[in-house]
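Read off the chains here:
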Amino acid sequence: MSICKTAEYRVREKAVPEVEKAMHVHARNMREMGMLWWTVKDGNRYISLIIAPDAATNEKASKSEGTEQFVDVLYPNVIGEVAWTDWTVVAGSHKLPNQ
C-alpha cells in the first residue's frame, strides 16, 4: 500500500535560492529510490507531496544520505516548524504505486 505524506513549511526569504537548489537534488535522489516527490510554492511557503510505494521504501528514503543532505539545508532555514500530515488516498486520476 502506498504511503502519502505532505510537509508544509516556510523558508527564510534570503535562503530560497539555496533551498530550492537542494530541492532539485533531493527530487532526483527520491526518484532514484523509487519515491514520488513534488514541491509547490507560493512565495516562500512550500508544500511537499511525498509518495512511497511501500513502508520499506519510505523508511529507506527517510534514512538516506540524500535526505540527510536535504534536511541539513532545509531545516536551518525553516521559519517555525515543518507540519507533517499522513494522508489516505480516496480517489485519483492515476493509480499510485502499489494501489
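These figures come from a predicted structure and were not determined experimentally.

1. Quick word on helix H3 (residues 65–74)
Then comes step 1: Buried within H3 are the following residues: Gly-66, Thr-67, Phe-70, Val-73 and Leu-74. All buried residues of H3 lie within an arc of 125° about the axis, which places them on one face of the element. When the buried face of H3 is taken as reference, the exposed residues oriented beyond 90 degrees from it are Glu-65, Glu-68 and Asp-72.

2. Focus on the sheet that holds strand E2 (residues 36–42)
Then comes step 1: The strand order across the open sheet built from 4 strands is E2-E3-E1-E4, with neighbouring strands paired in antiparallel fashion. With one partner strand each, in any of the chains shown, E2 and strand E4 (78–87) form the two edges of the open sheet. For this sheet the average axis-to-axis angle between neighbouring strands, irrespective of direction, equals 15°.
Then comes step 2: Bridging between E2 and strand E3 (residues 45–52) involves 7 bridges; their strand directions are antiparallel. Bridging across to E3, Asp-42 finds its partner in Arg-45.

The rules behind each value
- Residues numbered from 1 in each chain as written.
- Predicted model: local features only at pLDDT ≥ 70, side-chain atom pairs only at ≥ 80, totals over all residues.
- Heavy atoms only, no water.
- Buried < 20%, exposed > 50% of the residue type's maximum accessible area, 1.4 Å probe, protein only.
- Helix = DSSP H or I, 4+ residues; strand = E, 2+ residues; numbered from the N terminus.
- Arc of directions from axis to C-beta.
- Pairing = 2+ DSSP bridges.
- Axes fitted to C-alpha atoms, helices over the stretch in contact; angles between N-to-C directions.

No statement about biological role is implied by the geometric values presented.
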